[in-house]
Amino acid sequence: MASLTFPDIVRQPVTVQCCYKPMYNSLGNDKGDSFAARKSNTSRDLSSSVASPLRVTVPSPAQKEIIAERNLQNHVAWTSIRQERWEGELTVEGEIPLWLNGTYLRNGPGLWHIEDYNFRHLFDGYSTLVKLHFENGRFTAGHRQLESEAYKAAKKNKRLCFREFSEVPKPANFLAYVGDLASLFSGMSLTDNANTGVVRLGDGRVVCLTETQKGSIIIDPNTLDTLGKFVYSDNLGGLIHSAHPMVTDAEFLTLLPNLVNPGYLVVRMEPGTNERKVIGRVDCRGGPAPGWVHSFPVTEHYIVVPEMPLRYCAQNLLRAEPTPLYKFKWHPNSKAFLHVMSKASGKIVASVEVPLFVTFHFINAYEEEDEDGRVTAIIADCCEHNANTSILDKLRLHNLRSFNGEDVLPDARVGRFIIPLDGNPRGKLEAALDPDEHGRGMDMCSINPNYLGKKYRYAYACGAQRPCNFPNTLTKLDFVEKKAKNWYDEGAVPSEPFFVARPGANEEDDGVVISMISEKNGGGYALLLDGSTFKEIARARFPYGLPYGLHGCWVPKK
Ligand SMILES: CC(=O)/C=C/C=C(C)/C=C/C1=C(C)CCCC1(C)C
Ligand SMILES: CC(/C=C/C=O)=C\C=C\C=O
Ligand SMILES: [Fe+2]
């Protein structure tokens, strides 16, 4: 194994061991002219610092200037990934627990431009996969662009070819690619850029996901190779689904919204199959379209279907230019509802009106029992944006880049829904703890997966240390003490804290929390916190800062 020093692209040189892959490996031509590294306002061409395998060149003073200028302009969190792939061993400060054996995978929209065209919204970027592999206290890392059809078409044609979250190709672009007018309206023009999350199915397959069903893509968790589409073999149809299925070793549950006949199919897929089977259907109680379902919660016996007043909007879906609420519309008069479906029978056991709410992410849910063991209510927690849709606009890249350090992040809280199961038509929504405990920022949550659907005490999320324009702390929430422990590093943008339980643990918070930090100086590192004390136990610096990422999963060592 050769020991190499990385170019001085972060403030301090970092010593990295070369493992079985070239340190810099461009998938473009052999000059390293990778698509990810091409020039734009947000990502400069670093191709001449991309060396042939096992050789890393130090950037020239001029290149250093470009890098410094870029880093001054934009936080690295909101700057496109600089090259398509990289892999190497990292030097660890602190200690990685020896029990931590496996791979953490993170997905997210890490490339926000095509040639000189810059995307507008955080959610538009092409998927960048990152892996952190832990083995017997050693630590290798890597990143790679997902080879979706949308990404490959953009690379080949040097322009947008599919509809992303907010970006719409000019008809000529898409027709040049697919050559069929009808396809523009049939769903063929929707993106398969699976940039939201990544899940490990019970059968071991690892699938990247987004909100379009065609954006379900199988990857190899070791190499990050794109293996092909995950094709659903049933005939349930529809074009979209929840970006966050509930995945355990036993099942994959998700929701399929129906925009024509407003409602949701609740479906289940068994490991080893590609066939979703219908558990039941929920009819919307408000209109004119289903509420956006980015995620939903489950308990041991029930699936909770949220009907948010932020609803899909057919007109906005067809618009060429983004609206302030993108493909959605806020319908406060249509009210908000939560529907509870029995997993076993598909019957609706409760459908309650709740106060208006805005959430991307449910945290967890559980059944509340009386002393005789009868289920009296369901508690469902989410990262709730105080029924304020402006968070969508705050996630526009222009806002993320321009208001760094300004206090423009709207307040959010842990919204706790209490859904009575006694026939009462209304549910409650309250803050599970004082939002000042976490700086009134709240999103990107995880829990100990062994507590999924069960009464739980702890959650991990991103909170705020103000002033800020984006959640900038890692926070451990204690729902019993109603307290939070916060981790903060000035100028840092941490990604979703991900909890991995220690094998054999008895305590809910016995484990580690993994996050990746994008630093204000352009650097970045992987961070491990102790799940219980929430103190740092290890960090390992990447050769360069990575863009912000969304959701991850854990692939245990076989
Ligand atoms: C990154 C993230 O969290 C969300 C991504 C959402 C996407 C890509 C949504 C895409 C959509 C379309 C391209 C048209 C249909 C509606 C909708 C599902 C919002
Ligand atoms: C990053 C985010 C919200 C942050 C606001 O506080 C939402 C991401 C949604 C998609 O996964
Ligand atoms: Fe999400």
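Residues numbered from 1 in each chain as written. Chains lettered and ligands numbered in written order. Predicted model: local features only at pLDDT ≥ 70, side-chain atom pairs only at ≥ 80, totals over all residues. Heavy atoms only, no water.

Draft legend 1. Structural detail: the coordination of the iron ion (ligand 3). Summarising the metal site, the iron ion (ligand 3) is bound by the protein donors His-244 (NE2), His-294 (NE2), His-361 (NE2) and His-551 (NE2), whose distances to it range over 2.1 Å. The sequence pattern describing where the donors of the iron ion (ligand 3) fall on their chain is H-x49-H-x66-H-x189-H. Of this pair, His-244 sits in the loop between strand S14 (226-229) and strand S15 (246-247) while His-551 sits in the loop between strand S36 (536-541) and strand S37 (552-556), and the two are 307 residues apart along the sequence. (Donors = N, O, S within 2.8 Å, 3.2 Å for Na, K, Ca; no water. Helix = DSSP H or I, 4+ residues; strand = E, 2+ residues; numbered from the N terminus.)

Draft legend 2. Here's a closer look at the site of ligand 2. Taken together, 14 residues surround ligand 2, and among them Phe-123, His-294, His-361, Pro-471 and His-551 come closest. At 3.1 Å, a side-chain N or O of His-294 approaches an oxygen atom of ligand 2. For ligand 2, an oxygen atom lies 3.2 Å from a polar atom in the side chain of His-361. Surface burial for ligand 2 is 99%, taken as the share of its 350 Å² of free accessible area covered by protein chains. Judged by its atoms lying within 2 Å of the grid points, ligand 2 is housed in the largest cavity. When grouped by side-chain class, the residues that make up the shell around ligand 2 number nine nonpolar, four polar and one charged. (Near = heavy atom within 4 Å. Polar contact = N/O pair within 3.5 Å; in protein donor to acceptor, adjacent residues only side chain to side chain. Areas by Shrake-Rupley, 256 points an atom, 1.4 Å probe, with all protein chains shown as cover. 1 Å grid on protein atoms, 1.4 Å probe; cavity = no way out; pocket = protein on both sides within 12 Å on 5 of 7 lines; lining within 4 Å. Sits in = over half its atoms within 2 Å of the grid points. Nonpolar A, V, L, I, M, F, W, Y, C, P; charged D, E, K, R; others polar.)

Draft legend 3. Quick look at the side chain of His-339. Mapped onto the fold, His-339 is located in strand S22 (residues 336-342). Apart from residues no more than four positions distant in its own chain, His-339 is found in contact with Val-282, Asp-283, Arg-285, Ile-303, Val-304, Val-305, Glu-307, Ala-350 and Ser-351. (Contact = heavy atoms within 4.5 Å.)

Draft legend 4. Layout of the sheet that holds S14. Spatially, four strands are ordered S11-S12-S13-S14 in an open sheet, and the strand pairing comes out antiparallel. Since the sheet does not close on itself, it has two edges, and those belong to strand S11 (197-200) and S14, each with one partner. On average, each strand axis in the sheet is tilted by 30° relative to the strand beside it, whichever way the strands run. (Pairing = 2+ DSSP bridges. Axes fitted to C-alpha atoms, helices over the stretch in contact; angles between N-to-C directions.)

Draft legend 5. Summary view of the confidence of the model for the chain. The share of residues in the chain with pLDDT of 70 or more is 85%, and the mean pLDDT across the chain is 88. The low-confidence segment residues 37-57 (pLDDT under 50) makes 62 contacts with residues lying over four places distant or belonging to another chain. Every residue in residues 66-71 scores below 50 in pLDDT, and together they form 15 contacts with partners more than four places removed in sequence or on other chains. Here the predicted complex carries an ipTM of 0.96, next to a pTM of 0.89. (pLDDT = per-residue confidence, 0-100.)

Draft legend 6. Structural context of the pairing of S37. Where burial is concerned, most of S37 is hidden: four out of the five residues are buried. Where strand S5 (residues 102-106) meets S37, five bridges bridge the pair, whose relative direction is antiparallel. Across the sheet, the residue bridging to Leu-105 is Cys-553, located in S37. (Buried < 20%, exposed > 50% of the residue type's maximum accessible area, 1.4 Å probe, protein only.)

Draft legend 7. The arrangement of the site of ligand 1 in detail. Taken together, 15 residues form the shell around ligand 1, and within it Glu-164, Asn-195, Thr-196, His-294 and Leu-317 come nearest. When ligand 1 sits alone it has 490 Å² of accessible area, and the protein chains cover 97% of it. More than half of the atoms belonging to ligand 1 lie within 2 Å of the grid points that define the second largest pocket. Looking at side-chain class alone, the shell around ligand 1 contains seven nonpolar, four polar and four charged residues.

Draft legend 8. Structural context of the nonpolar core. Counting residues in each nonpolar core, the largest one holds 108 residues, and the members touching the most others are Leu-132, Phe-134, Trp-292, Leu-392 and Phe-417. For Leu-392, the residues in contact, after removing those within four places along its chain, are His-121, Phe-123, Phe-165, Trp-292, Leu-310, Leu-325, Tyr-326, Phe-328 and Phe-360. Core analysis: the second largest hydrophobic core is formed by 17 residues, Cys-383, Val-414, Ala-432 and Met-442 among them. (Core = buried A, V, L, I, M, F, W, Y, C linked by side-chain atoms within 4.5 Å.)

Draft legend 9. Empty space enclosed by the protein, seen in detail. One pass over the full model with this rule turns up seven cavities of 30 Å³ or more. Residue lining of the largest cavity: 21 residues in total, with Phe-360, Leu-395, Asp-443, Met-444 and Phe-470 positioned closest to the centre. Contributing elements (two or more residues each) for the lining of the largest cavity: strand S24 (359-369) and strand S28 (443-446). Here the lining of the largest cavity is built from residues that sort into 15 nonpolar, five polar and one charged. (Points joined across faces, edges and corners; volume = space filled by probe spheres on them.)

Draft legend 10. Just the sheet that holds S15, in detail. The four strands are arranged S15-S16-S17-S18 in an open sheet whose pairing can be described as antiparallel. Strands with a single pairing partner mark the edges of an open sheet, and in this sheet they are S15 and strand S18 (276-283). Pairing of strand S17 (residues 263-269) with S18, which is carried by seven bridges, proceeds in the antiparallel orientation. Opposite Leu-265, over in S18, you have Arg-281 as the bridge partner.

Draft legend 11. The packing of aromatic side chains, seen in detail. Throughout the structure, instances matching the rule amount to 24 aromatic pairs. Ring geometry for Trp-292 versus Phe-328: centroids 4.1 Å apart, planes at 20°, classification stacked. Here Trp-292 is found in the loop between S18 and strand S19 (302-307), whereas its partner Phe-328 is found in strand S21 (residues 328-330), with 36 residues between them in sequence. An identical accessibility class is assigned to Trp-292 and Phe-328; each is buried. Taken together, the ring pairs in this structure connect Phe-123, Phe-165, Trp-292, Tyr-312, Tyr-326, Phe-328 and Phe-360 into an aromatic cluster. Its end group placed over the ring of Tyr-525, Arg-539 keeps NZ or CZ at 4.1 Å from the ring centre. (Phe/Tyr/Trp six-rings, centres within 6.5 Å; stacked < 30°, edge-to-face > 60°. Lys NZ or Arg CZ within 6 Å of the ring centre and 35° of its normal.)

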